[in-house]
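Notes for the structure review
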Amino acid sequence: HLEYKRSSGINAEYGQHAPTRETLIADIVKHGIPAKVYPELQPLFKILEVDFQPLKLCGLVDTMLNQVEKVHPDLGCYSGDVRKVAVLRLMRQLAQVYDKISISKVVSLIPYIEPLELELLIIEPAKTLDLQLRIDHATQTFIFGSTIQYQREETTSGPTVQQMPSEMFRNQLVMLYNALNKSVDLISPAMKLQAKDALRHDSISVYMKSAKRDQMNMIKRKEMIEHRKEYYENLNTEKERAELQEREKSRREAEKAETKRRDEEEKRRTEERSAREEKHKDKLLKMEKVKKLMEHLGEKPFEGLTEEELLSMEEEELMARGIEHMNKEKGDLKHKMKQVEKKLDYYTRAQRLVEIPLLKDEWEKSQEDDKIWWQEKEAARIEMAIKKREHDITTRKRLLRMKDDKDAFVASIVSQREKQHQEEVEKFEAELAKVREERKEAKKQEILRTLADKRQKEQLNVKAWDREVPPKVEMAEVRPLLLAPGETERSTTVSPPSPRLRGLTGLPIDAVNLFF
(Lines give C-alpha, C1' and ligand atoms only; values in the text may rest on other atoms or scores of the structure.)
Protein backbone atom coordinates (compact mmCIF):
# COMPACT_ATOMS: atom_id res chain seq x y z
CA HIS A 1 0.00 0.00 0.00
CA LEU A 2 2.84 2.39 0.87
CA GLU A 3 4.59 1.58 -2.40
CA TYR A 4 1.38 2.24 -4.30
CA LYS A 5 0.93 5.64 -2.56
CA ARG A 6 4.54 6.58 -3.20
CA SER A 7 4.38 5.65 -6.91
CA SER A 8 1.02 7.46 -7.23
CA GLY A 9 2.54 10.60 -5.71
CA ILE A 10 5.47 10.47 -8.12
CA ASN A 11 3.14 9.99 -11.08
CA ALA A 12 0.98 12.90 -9.96
CA GLU A 13 4.03 15.14 -9.46
CA TYR A 14 5.63 14.50 -12.84
CA GLY A 15 2.45 13.85 -14.81
CA GLN A 16 3.50 10.46 -16.16
CA HIS A 17 3.52 6.80 -15.26
CA ALA A 18 6.47 5.38 -13.36
CA PRO A 19 8.53 3.03 -15.55
CA THR A 20 8.12 -0.68 -14.88
CA ARG A 21 10.28 -3.64 -15.78
CA GLU A 22 7.92 -4.62 -18.61
CA THR A 23 7.95 -1.11 -20.16
CA LEU A 24 11.73 -0.89 -19.93
CA ILE A 25 12.16 -4.30 -21.64
CA ALA A 26 9.65 -3.27 -24.34
CA ASP A 27 11.62 -0.06 -25.00
CA ILE A 28 14.89 -2.04 -25.17
CA VAL A 29 13.42 -4.40 -27.77
CA LYS A 30 11.76 -1.53 -29.66
CA HIS A 31 15.05 0.34 -30.12
CA GLY A 32 16.93 -2.82 -31.19
CA ILE A 33 19.44 -2.74 -28.32
CA PRO A 34 19.77 -6.59 -28.08
CA ALA A 35 21.07 -6.66 -31.67
CA LYS A 36 23.79 -4.08 -30.86
CA VAL A 37 25.50 -5.96 -28.01
CA TYR A 38 28.37 -8.42 -28.41
CA PRO A 39 27.40 -11.45 -30.56
CA GLU A 40 28.33 -13.77 -27.67
CA LEU A 41 25.76 -12.04 -25.39
CA GLN A 42 22.84 -11.78 -27.83
CA PRO A 43 21.29 -15.21 -26.94
CA LEU A 44 21.12 -14.22 -23.23
CA PHE A 45 18.01 -12.05 -23.69
CA LYS A 46 16.17 -14.82 -25.54
CA ILE A 47 17.14 -17.43 -22.93
CA LEU A 48 16.00 -15.36 -19.92
CA GLU A 49 13.03 -13.42 -21.31
CA VAL A 50 11.52 -15.46 -24.17
CA ASP A 51 12.25 -19.19 -23.96
CA PHE A 52 10.61 -21.43 -21.36
CA GLN A 53 13.08 -24.25 -20.76
CA PRO A 54 13.68 -24.76 -17.02
CA LEU A 55 15.65 -28.00 -17.48
CA LYS A 56 18.32 -26.32 -19.72
CA LEU A 57 18.25 -22.67 -18.63
CA CYS A 58 21.17 -22.58 -16.17
CA GLY A 59 23.33 -24.87 -18.31
CA LEU A 60 22.90 -22.61 -21.36
CA VAL A 61 23.62 -19.49 -19.31
CA ASP A 62 26.76 -21.03 -17.74
CA THR A 63 28.14 -22.18 -21.13
CA MET A 64 27.53 -18.79 -22.71
CA LEU A 65 29.09 -16.87 -19.78
CA ASN A 66 32.22 -19.08 -19.90
CA GLN A 67 32.68 -18.19 -23.59
CA VAL A 68 32.11 -14.49 -22.86
CA GLU A 69 34.72 -14.52 -20.07
CA LYS A 70 37.30 -15.96 -22.48
CA VAL A 71 36.58 -13.44 -25.27
CA HIS A 72 35.86 -10.37 -23.06
CA PRO A 73 37.64 -10.71 -19.68
CA ASP A 74 36.50 -7.22 -18.61
CA LEU A 75 32.88 -8.47 -18.44
CA GLY A 76 33.73 -11.24 -15.96
CA CYS A 77 32.70 -9.05 -12.99
CA TYR A 78 29.04 -9.32 -14.08
CA SER A 79 28.90 -13.08 -14.58
CA GLY A 80 28.17 -13.86 -10.90
CA ASP A 81 25.08 -11.61 -10.80
CA VAL A 82 23.81 -13.00 -14.12
CA ARG A 83 24.14 -16.54 -12.79
CA LYS A 84 22.09 -15.59 -9.69
CA VAL A 85 19.38 -14.06 -11.89
CA ALA A 86 19.33 -17.27 -13.94
CA VAL A 87 18.80 -19.31 -10.73
CA LEU A 88 15.81 -17.15 -9.69
CA ARG A 89 14.35 -17.35 -13.20
CA LEU A 90 14.76 -21.15 -13.07
CA MET A 91 12.85 -21.33 -9.76
CA ARG A 92 10.00 -19.20 -11.18
CA GLN A 93 9.71 -21.47 -14.21
CA LEU A 94 9.81 -24.62 -12.06
CA ALA A 95 7.04 -23.13 -9.85
CA GLN A 96 4.78 -22.97 -12.91
CA VAL A 97 5.34 -26.64 -13.76
CA TYR A 98 5.95 -28.52 -10.49
CA ASP A 99 4.15 -28.61 -7.14
CA LYS A 100 7.08 -30.26 -5.42
CA ILE A 101 10.66 -31.03 -6.51
CA SER A 102 13.69 -32.42 -4.70
CA ILE A 103 16.61 -30.16 -3.83
CA SER A 104 19.08 -32.60 -5.43
CA LYS A 105 17.16 -32.42 -8.73
CA VAL A 106 17.31 -28.61 -8.71
CA VAL A 107 21.05 -28.67 -7.89
CA SER A 108 21.63 -31.05 -10.83
CA LEU A 109 19.99 -28.48 -13.12
CA ILE A 110 22.42 -25.77 -11.90
CA PRO A 111 26.04 -26.80 -12.64
CA TYR A 112 27.67 -23.90 -10.75
CA ILE A 113 25.97 -23.92 -7.32
CA GLU A 114 25.91 -25.98 -4.10
CA PRO A 115 22.75 -26.86 -2.08
CA LEU A 116 23.62 -24.45 0.75
CA GLU A 117 24.29 -21.59 -1.67
CA LEU A 118 20.99 -22.33 -3.40
CA GLU A 119 19.04 -22.14 -0.13
CA LEU A 120 20.74 -18.86 0.87
CA LEU A 121 20.02 -17.39 -2.55
CA ILE A 122 16.25 -18.13 -2.55
CA ILE A 123 15.56 -17.23 1.11
CA GLU A 124 15.38 -13.48 0.46
CA PRO A 125 13.04 -13.70 -2.60
CA ALA A 126 10.80 -16.11 -0.68
CA LYS A 127 10.75 -13.70 2.31
CA THR A 128 9.79 -10.73 0.11
CA LEU A 129 7.15 -12.90 -1.64
CA ASP A 130 8.89 -12.72 -5.01
CA LEU A 131 8.88 -16.54 -5.00
CA GLN A 132 6.05 -18.76 -3.74
CA LEU A 133 7.92 -21.68 -2.22
CA ARG A 134 8.78 -23.39 1.02
CA ILE A 135 11.74 -25.60 1.90
CA ASP A 136 10.86 -28.91 3.51
CA HIS A 137 14.09 -30.10 5.15
CA ALA A 138 12.47 -33.33 6.33
CA THR A 139 11.93 -34.52 2.76
CA GLN A 140 14.66 -32.33 1.20
CA THR A 141 12.23 -30.78 -1.28
CA PHE A 142 11.02 -27.40 -2.54
CA ILE A 143 7.22 -26.95 -2.31
CA PHE A 144 5.77 -24.38 -4.74
CA GLY A 145 2.52 -22.48 -4.07
CA SER A 146 1.32 -24.84 -1.35
CA THR A 147 -0.28 -22.07 0.73
CA ILE A 148 -2.62 -19.32 -0.40
CA GLN A 149 -0.89 -16.15 0.70
CA TYR A 150 -0.37 -12.57 -0.37
CA GLN A 151 1.80 -12.02 -3.43
CA ARG A 152 3.03 -8.90 -5.16
CA GLU A 153 0.71 -7.38 -7.73
CA GLU A 154 3.39 -7.08 -10.39
CA THR A 155 3.28 -9.37 -13.40
CA THR A 156 5.70 -12.31 -13.16
CA SER A 157 8.85 -11.51 -15.14
CA GLY A 158 9.94 -13.84 -17.90
CA PRO A 159 7.94 -16.43 -19.84
CA THR A 160 4.74 -17.66 -18.18
CA VAL A 161 2.95 -20.95 -18.83
CA GLN A 162 0.16 -20.81 -16.20
CA GLN A 163 -0.87 -18.87 -13.09
CA MET A 164 0.08 -19.79 -9.56
CA PRO A 165 -2.66 -21.01 -7.16
CA SER A 166 -2.52 -17.77 -5.13
CA GLU A 167 -3.04 -15.69 -8.27
CA MET A 168 -5.97 -17.86 -9.28
CA PHE A 169 -7.53 -17.57 -5.78
CA ARG A 170 -7.08 -13.77 -5.70
CA ASN A 171 -8.72 -13.43 -9.11
CA GLN A 172 -11.62 -15.59 -7.93
CA LEU A 173 -12.17 -13.32 -4.89
CA VAL A 174 -12.17 -10.22 -7.10
CA MET A 175 -14.62 -11.84 -9.51
CA LEU A 176 -16.87 -12.88 -6.58
CA TYR A 177 -16.86 -9.31 -5.19
CA ASN A 178 -17.80 -7.84 -8.60
CA ALA A 179 -20.54 -10.43 -9.07
CA LEU A 180 -22.07 -9.72 -5.60
CA ASN A 181 -22.09 -5.96 -6.28
CA LYS A 182 -23.87 -6.52 -9.59
CA SER A 183 -26.39 -8.85 -7.86
CA VAL A 184 -27.20 -6.21 -5.21
CA ASP A 185 -27.68 -3.59 -7.93
CA LEU A 186 -30.05 -5.91 -9.82
CA ILE A 187 -32.03 -7.01 -6.72
CA SER A 188 -32.62 -3.54 -5.19
CA PRO A 189 -31.81 -0.72 -7.61
CA ALA A 190 -34.02 1.70 -5.67
CA MET A 191 -31.80 1.42 -2.59
CA LYS A 192 -28.82 2.63 -4.61
CA LEU A 193 -30.80 5.54 -6.05
CA GLN A 194 -32.08 6.53 -2.55
CA ALA A 195 -28.55 6.52 -1.17
CA LYS A 196 -27.35 8.74 -4.04
CA ASP A 197 -30.31 11.17 -3.54
CA ALA A 198 -29.71 11.39 0.23
CA LEU A 199 -26.04 12.11 -0.32
CA ARG A 200 -26.92 14.77 -2.90
CA HIS A 201 -29.45 16.53 -0.55
CA ASP A 202 -26.99 16.53 2.36
CA SER A 203 -24.27 18.01 0.18
CA ILE A 204 -26.62 20.77 -1.12
CA SER A 205 -27.89 21.68 2.39
CA VAL A 206 -24.35 21.96 3.77
CA TYR A 207 -23.33 24.13 0.81
CA MET A 208 -26.41 26.45 1.17
CA LYS A 209 -25.72 27.06 4.87
CA SER A 210 -22.22 28.41 4.25
CA ALA A 211 -22.50 29.63 0.65
CA LYS A 212 -23.01 33.41 1.39
CA ARG A 213 -20.38 33.47 4.15
CA ASP A 214 -17.87 31.64 1.97
CA GLN A 215 -18.59 33.98 -0.93
CA MET A 216 -17.98 37.10 1.22
CA ASN A 217 -14.81 35.60 2.64
CA MET A 218 -13.55 34.87 -0.87
CA ILE A 219 -14.27 38.47 -1.99
CA LYS A 220 -12.51 39.93 1.08
CA ARG A 221 -9.57 37.61 0.61
CA LYS A 222 -9.29 38.60 -3.04
CA GLU A 223 -9.31 42.33 -2.17
CA MET A 224 -6.74 41.77 0.57
CA ILE A 225 -4.52 39.87 -1.82
CA GLU A 226 -4.78 42.64 -4.42
CA HIS A 227 -3.91 45.39 -1.88
CA ARG A 228 -1.05 43.40 -0.46
CA LYS A 229 0.20 42.61 -3.97
CA GLU A 230 0.10 46.32 -4.95
CA TYR A 231 1.87 47.31 -1.70
CA TYR A 232 4.67 44.83 -2.24
CA GLU A 233 5.00 45.81 -5.89
CA ASN A 234 5.41 49.51 -4.94
CA LEU A 235 7.84 48.59 -2.20
CA ASN A 236 9.90 46.48 -4.58
CA THR A 237 9.83 49.24 -7.21
CA GLU A 238 11.18 51.84 -4.74
CA LYS A 239 13.79 49.41 -3.50
CA GLU A 240 14.89 48.56 -7.05
CA ARG A 241 15.08 52.28 -7.97
CA ALA A 242 17.27 53.04 -4.96
CA GLU A 243 19.47 50.03 -5.65
CA LEU A 244 19.77 51.05 -9.30
CA GLN A 245 20.87 54.61 -8.36
CA GLU A 246 23.36 53.23 -5.86
CA ARG A 247 24.76 50.81 -8.41
CA GLU A 248 25.02 53.57 -11.04
CA LYS A 249 26.91 55.82 -8.60
CA SER A 250 29.24 52.99 -7.61
CA ARG A 251 29.78 52.13 -11.28
CA ARG A 252 30.78 55.72 -12.17
CA GLU A 253 33.20 55.94 -9.25
CA ALA A 254 34.64 52.56 -10.13
CA GLU A 255 35.07 53.65 -13.77
CA LYS A 256 36.93 56.82 -12.70
CA ALA A 257 39.19 54.85 -10.36
CA GLU A 258 39.78 52.20 -13.02
CA THR A 259 40.65 54.85 -15.63
CA LYS A 260 43.15 56.52 -13.26
CA ARG A 261 44.66 53.17 -12.33
CA ARG A 262 45.00 52.19 -15.99
CA ASP A 263 46.77 55.45 -16.86
CA GLU A 264 49.22 55.04 -13.99
CA GLU A 265 49.75 51.38 -14.84
CA GLU A 266 50.37 52.19 -18.50
CA LYS A 267 52.89 54.91 -17.57
CA ARG A 268 54.72 52.59 -15.16
CA ARG A 269 54.81 49.76 -17.72
CA THR A 270 56.18 52.11 -20.38
CA GLU A 271 59.02 53.25 -18.11
CA GLU A 272 59.83 49.67 -17.03
CA ARG A 273 59.78 48.50 -20.65
CA SER A 274 62.18 51.25 -21.71
CA ALA A 275 64.55 50.39 -18.87
CA ARG A 276 64.42 46.70 -19.68
CA GLU A 277 65.10 47.38 -23.34
CA GLU A 278 68.15 49.51 -22.55
CA LYS A 279 69.48 46.92 -20.13
CA HIS A 280 68.86 44.15 -22.63
CA LYS A 281 70.72 46.01 -25.37
CA ASP A 282 73.74 46.54 -23.11
CA LYS A 283 73.67 42.89 -22.12
CA LEU A 284 73.50 41.74 -25.77
CA LEU A 285 76.47 43.92 -26.74
CA LYS A 286 78.59 42.62 -23.89
CA MET A 287 77.58 38.99 -24.51
CA GLU A 288 78.49 39.38 -28.16
CA LYS A 289 81.99 40.53 -27.16
CA VAL A 290 82.30 37.59 -24.73
CA LYS A 291 81.26 35.14 -27.45
CA LYS A 292 83.89 36.54 -29.83
CA LEU A 293 86.54 36.04 -27.16
CA MET A 294 85.30 32.49 -26.57
CA GLU A 295 85.55 31.78 -30.29
CA HIS A 296 89.21 32.86 -30.27
CA LEU A 297 90.30 31.50 -26.89
CA GLY A 298 87.85 28.62 -26.35
CA GLU A 299 85.28 28.00 -23.60
CA LYS A 300 87.53 26.26 -21.04
CA PRO A 301 89.12 29.50 -19.67
CA PHE A 302 85.65 30.72 -18.70
CA GLU A 303 84.29 27.49 -17.17
CA GLY A 304 82.82 27.97 -13.68
CA LEU A 305 81.85 31.60 -14.34
CA THR A 306 78.19 32.59 -14.35
CA GLU A 307 76.61 34.94 -16.86
CA GLU A 308 76.57 37.82 -14.34
CA GLU A 309 80.28 37.33 -13.59
CA LEU A 310 81.13 37.35 -17.30
CA LEU A 311 79.16 40.56 -17.81
CA SER A 312 80.83 42.24 -14.80
CA MET A 313 84.38 41.53 -16.09
CA GLU A 314 86.19 43.89 -18.48
CA GLU A 315 87.47 42.83 -21.89
CA GLU A 316 91.15 43.05 -20.80
CA GLU A 317 90.49 40.78 -17.81
CA LEU A 318 88.80 38.23 -20.03
CA MET A 319 91.68 38.32 -22.52
CA ALA A 320 94.31 37.91 -19.75
CA ARG A 321 92.34 34.99 -18.28
CA GLY A 322 92.22 33.28 -21.69
CA ILE A 323 95.98 33.74 -22.37
CA GLU A 324 96.87 32.45 -18.90
CA HIS A 325 94.74 29.37 -19.43
CA MET A 326 96.32 28.70 -22.84
CA ASN A 327 99.86 28.90 -21.42
CA LYS A 328 98.91 26.58 -18.59
CA GLU A 329 97.39 24.02 -20.97
CA LYS A 330 100.49 24.15 -23.18
CA GLY A 331 102.85 23.42 -20.22
CA ASP A 332 100.60 20.60 -18.98
CA LEU A 333 100.50 19.06 -22.42
CA LYS A 334 104.30 19.08 -22.76
CA HIS A 335 104.72 17.47 -19.35
CA LYS A 336 102.14 14.79 -20.13
CA MET A 337 103.76 14.00 -23.49
CA LYS A 338 107.16 13.49 -21.84
CA GLN A 339 105.70 11.20 -19.21
CA VAL A 340 103.82 9.15 -21.80
CA GLU A 341 106.88 8.89 -24.04
CA LYS A 342 109.06 7.69 -21.19
CA LYS A 343 106.49 5.19 -19.95
CA LEU A 344 105.85 3.81 -23.42
CA ASP A 345 109.59 3.39 -24.10
CA TYR A 346 110.20 1.46 -20.86
CA TYR A 347 107.12 -0.68 -21.33
CA THR A 348 108.03 -1.58 -24.93
CA ARG A 349 111.59 -2.55 -24.00
CA ALA A 350 110.49 -4.77 -21.11
CA GLN A 351 107.78 -6.34 -23.26
CA ARG A 352 110.25 -7.30 -25.97
CA LEU A 353 112.77 -8.79 -23.54
CA VAL A 354 110.15 -11.01 -21.91
CA GLU A 355 108.14 -11.79 -25.04
CA ILE A 356 110.88 -13.10 -27.41
CA PRO A 357 111.70 -16.42 -25.61
CA LEU A 358 107.99 -17.01 -24.93
CA LEU A 359 107.13 -16.50 -28.61
CA LYS A 360 109.81 -19.01 -29.62
CA ASP A 361 108.47 -21.63 -27.22
CA GLU A 362 104.92 -20.98 -28.37
CA TRP A 363 105.89 -21.32 -32.03
CA GLU A 364 107.66 -24.66 -31.45
CA LYS A 365 104.71 -25.97 -29.45
CA SER A 366 102.22 -24.90 -32.13
CA GLN A 367 104.32 -26.69 -34.78
CA GLU A 368 104.21 -29.94 -32.83
CA ASP A 369 100.47 -29.59 -32.15
CA ASP A 370 99.76 -28.88 -35.81
CA LYS A 371 101.75 -31.92 -36.89
CA ILE A 372 99.88 -34.21 -34.47
CA TRP A 373 96.53 -32.72 -35.53
CA TRP A 374 97.36 -33.24 -39.25
CA GLN A 375 98.40 -36.85 -38.66
CA GLU A 376 95.16 -37.58 -36.77
CA LYS A 377 93.00 -35.97 -39.45
CA GLU A 378 94.87 -37.76 -42.25
CA ALA A 379 94.47 -41.15 -40.54
CA ALA A 380 90.76 -40.48 -40.04
CA ARG A 381 90.39 -39.45 -43.69
CA ILE A 382 92.10 -42.62 -44.94
CA GLU A 383 89.95 -44.78 -42.66
CA MET A 384 86.75 -43.07 -43.92
CA ALA A 385 87.83 -43.50 -47.54
CA ILE A 386 88.46 -47.26 -46.99
CA LYS A 387 85.03 -47.65 -45.35
CA LYS A 388 83.34 -45.72 -48.15
CA ARG A 389 85.09 -47.87 -50.76
CA GLU A 390 83.96 -51.08 -49.07
CA HIS A 391 80.39 -49.75 -48.79
CA ASP A 392 80.36 -48.77 -52.50
CA ILE A 393 81.60 -52.24 -53.54
CA THR A 394 78.89 -53.91 -51.41
CA THR A 395 76.23 -51.64 -52.87
CA ARG A 396 77.43 -52.35 -56.43
CA LYS A 397 77.26 -56.11 -55.90
CA ARG A 398 73.78 -55.80 -54.45
CA LEU A 399 72.56 -53.64 -57.33
CA LEU A 400 74.12 -55.93 -59.99
CA ARG A 401 71.75 -58.71 -58.89
CA MET A 402 68.86 -56.41 -59.78
CA LYS A 403 70.14 -55.43 -63.23
CA ASP A 404 68.38 -58.23 -65.16
CA ASP A 405 65.08 -57.50 -63.46
CA LYS A 406 65.53 -53.82 -64.13
CA ASP A 407 66.30 -54.38 -67.82
CA ALA A 408 63.27 -56.67 -68.19
CA PHE A 409 61.04 -54.16 -66.46
CA VAL A 410 62.32 -51.28 -68.61
CA ALA A 411 61.90 -53.40 -71.78
CA SER A 412 58.31 -54.28 -70.84
CA ILE A 413 57.51 -50.65 -70.19
CA VAL A 414 59.12 -49.58 -73.49
CA SER A 415 57.20 -52.25 -75.45
CA GLN A 416 53.93 -51.26 -73.79
CA ARG A 417 54.57 -47.62 -74.56
CA GLU A 418 55.46 -48.44 -78.21
CA LYS A 419 52.34 -50.59 -78.59
CA GLN A 420 50.21 -47.84 -77.04
CA HIS A 421 51.84 -45.27 -79.32
CA GLN A 422 51.21 -47.46 -82.40
CA GLU A 423 47.55 -47.89 -81.43
CA GLU A 424 47.16 -44.18 -81.00
CA VAL A 425 48.82 -43.55 -84.39
CA GLU A 426 46.51 -46.06 -86.11
CA LYS A 427 43.50 -44.56 -84.41
CA PHE A 428 44.60 -41.09 -85.52
CA GLU A 429 45.14 -42.26 -89.15
CA ALA A 430 41.71 -43.94 -89.17
CA GLU A 431 40.06 -40.77 -87.91
CA LEU A 432 42.07 -38.74 -90.45
CA ALA A 433 40.94 -41.01 -93.31
CA LYS A 434 37.35 -40.79 -92.13
CA VAL A 435 37.53 -37.01 -92.01
CA ARG A 436 39.08 -36.93 -95.49
CA GLU A 437 36.29 -39.17 -96.91
CA GLU A 438 33.68 -36.97 -95.28
CA ARG A 439 35.26 -33.82 -96.69
CA LYS A 440 35.63 -35.53 -100.14
CA GLU A 441 31.97 -36.58 -100.15
CA ALA A 442 30.92 -33.07 -99.11
CA LYS A 443 33.00 -31.54 -101.90
CA LYS A 444 31.54 -34.03 -104.42
CA GLN A 445 28.00 -33.19 -103.39
CA GLU A 446 28.77 -29.49 -103.67
CA ILE A 447 30.15 -29.91 -107.23
CA LEU A 448 27.16 -32.04 -108.21
CA ARG A 449 24.79 -29.37 -106.94
CA THR A 450 26.73 -26.74 -108.86
CA LEU A 451 26.60 -28.84 -112.09
CA ALA A 452 22.92 -29.53 -111.63
CA ASP A 453 22.21 -25.81 -111.23
CA LYS A 454 24.22 -24.96 -114.36
CA ARG A 455 22.53 -27.77 -116.37
CA GLN A 456 19.13 -26.47 -115.37
CA LYS A 457 20.10 -22.94 -116.42
CA GLU A 458 21.36 -24.26 -119.82
CA GLN A 459 18.12 -26.16 -120.40
CA LEU A 460 16.21 -22.98 -119.71
CA ASN A 461 18.45 -21.14 -122.19
CA VAL A 462 17.83 -23.86 -124.85
CA LYS A 463 14.08 -23.57 -124.43
CA ALA A 464 14.33 -19.82 -124.77
CA TRP A 465 16.49 -20.15 -127.89
CA ASP A 466 13.99 -22.60 -129.47
CA ARG A 467 11.17 -20.12 -128.95
CA GLU A 468 13.20 -17.34 -130.64
CA VAL A 469 13.90 -19.35 -133.99
CA PRO A 470 11.14 -18.62 -136.66
CA PRO A 471 9.20 -21.82 -137.54
CA LYS A 472 8.81 -21.09 -141.29
CA VAL A 473 12.50 -20.85 -142.15
CA GLU A 474 13.83 -24.03 -143.70
CA MET A 475 17.32 -24.92 -142.73
CA ALA A 476 17.80 -26.78 -146.03
CA GLU A 477 17.58 -23.51 -147.89
CA VAL A 478 20.01 -21.71 -145.62
CA ARG A 479 22.51 -24.54 -145.28
CA PRO A 480 24.08 -24.41 -148.78
CA LEU A 481 24.71 -20.72 -148.39
CA LEU A 482 26.65 -21.31 -145.19
CA LEU A 483 28.85 -24.11 -146.61
CA ALA A 484 32.36 -23.32 -147.63
CA PRO A 485 33.49 -24.02 -151.20
CA GLY A 486 34.13 -27.72 -151.77
CA GLU A 487 32.16 -28.75 -148.58
CA THR A 488 29.29 -31.21 -148.99
CA GLU A 489 26.08 -31.14 -146.97
CA ARG A 490 25.90 -33.89 -144.44
CA SER A 491 22.49 -33.33 -142.98
CA THR A 492 19.37 -31.55 -144.02
CA THR A 493 18.01 -30.94 -140.48
CA VAL A 494 19.31 -28.81 -137.70
CA SER A 495 19.24 -30.34 -134.23
CA PRO A 496 19.77 -28.38 -131.00
CA PRO A 497 23.13 -28.65 -129.32
CA SER A 498 23.47 -31.66 -127.03
CA PRO A 499 23.48 -30.95 -123.31
CA ARG A 500 26.58 -33.17 -123.02
CA LEU A 501 28.52 -30.71 -125.26
CA ARG A 502 26.88 -27.42 -124.27
CA GLY A 503 28.68 -25.01 -121.98
CA LEU A 504 32.16 -24.89 -120.64
CA THR A 505 31.31 -26.96 -117.51
CA GLY A 506 28.72 -29.32 -119.05
CA LEU A 507 30.69 -32.54 -118.50
CA PRO A 508 28.94 -35.92 -118.51
CA ILE A 509 28.19 -37.70 -115.19
CA ASP A 510 30.64 -40.50 -116.12
CA ALA A 511 33.44 -37.96 -116.50
CA VAL A 512 32.61 -36.48 -113.06
CA ASN A 513 32.75 -39.91 -111.45
CA LEU A 514 36.05 -40.59 -113.20
CA PHE A 515 37.38 -37.25 -111.90
CA PHE A 516 36.70 -38.29 -108.30
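For the structure given in this document, a descriptive report is provided here.

Procedures and definitions
Residues numbered from 1 in each chain as written. Predicted model: local features only at pLDDT ≥ 70, side-chain atom pairs only at ≥ 80, totals over all residues. Heavy atoms only, no water. Pairing = 2+ DSSP bridges. Helix = DSSP H or I, 4+ residues; strand = E, 2+ residues; numbered from the N terminus. Phe/Tyr/Trp six-rings, centres within 6.5 Å; stacked < 30°, edge-to-face > 60°. Lys NZ or Arg CZ within 6 Å of the ring centre and 35° of its normal. Axes fitted to C-alpha atoms, helices over the stretch in contact; angles between N-to-C directions. Contact = heavy atoms within 4.5 Å. Core = buried A, V, L, I, M, F, W, Y, C linked by side-chain atoms within 4.5 Å. Buried < 20%, exposed > 50% of the residue type's maximum accessible area, 1.4 Å probe, protein only. Polar contact = N/O pair within 3.5 Å; in protein donor to acceptor, adjacent residues only side chain to side chain. Parallel < 35°, antiparallel > 145°, perpendicular 65-115°, else oblique. Left-handed = near helix turned anticlockwise from the far one by under 90°.

A look at the pairing of strand β2 (residues 133-136)
Sheet topology places β2 next to strand β3 (residues 141-144); four bridges connect them, and they run antiparallel. Residue pairing in the sheet places Leu 133 in a bridge with Phe 144 of β3. If you look at the hairpin formed by β2 and β3, you'll find four residues sitting between the two strands, and Gln 140 has a positive phi there, around 55°.

Comments concerning the packing of aromatic side chains
All chains considered together, the criterion is met by one aromatic pair. A cation sits over an aromatic face here: Arg 83 above Tyr 112, 5.5 Å from the ring centre.

With respect to the sheet that holds strand β1 (residues 100-102)
Within the open sheet, the three strands sit side by side as β1-β3-β2. Their pairing is antiparallel. Each having just a single partner strand, β1 and β2 make up the two edges of the open sheet. Taken over all neighbouring pairs, the strand axes of this sheet differ in orientation by 25° on average, direction set aside. The pairing of β1 with β3 spans three bridges and is classified as antiparallel. Residue pairing in the sheet places Ile 101 in a bridge with Phe 142 of β3. Those strands touched by helix α5 (residues 79-97) are β1, β2 and β3, and its axis lies near 65° from that of β3. On the sheet, helix α7 (residues 115-127) packs against β2 and β3 and is oriented at approximately 140° with respect to β2.

Overview of the nonpolar core
If you look at the biggest cluster of nonpolar residues, it comprises 29 residues, and the most contacted ones within it are Val 61, Met 91, Leu 118 and Phe 142. Of all the secondary structure elements, the ones that give two or more residues to this core are α3 (42-49), α4 (57-71), α5, α6 (103-109), α7 and β3. Examining the composition of this core, we find that seven residues originate from one element, α5, more than from any other. Excluding anything up to four places from it in sequence, Met 91 contacts Val 106, Ile 122, Leu 131, Leu 133, Phe 142 and Phe 144.

Quick notes on the side chain of Arg 83
Summarising the element assignment, Arg 83 is placed in helix α5. Within the structure, Arg 83 has its side chain in polar contact with the side chain of Asp 62 (distance 3.1 Å). Those residues in contact with Arg 83, other than ones at most four positions away along the chain, are Asp 62, Leu 65, Asn 66, Glu 69 and Tyr 112.

Describing the packing of α5 against α7
Any two packed helices are characterised by the angle at which their axes cross and by the distance between the axes. Relative to each other, α5 and α7 sit at 70°, their axes nearing to 11 Å. Viewed along their axes, α5 and α7 adopt a mutual orientation that is roughly perpendicular. Crossing of α5 over α7 shows right-handed handedness. Residues Lys 84, Val 87, Leu 88 and Met 91 of α5 form the contact with α7, whose own contacting residues are Leu 118, Leu 121, Ile 122 and Pro 125.

Read these as geometric descriptors, not functional statements.
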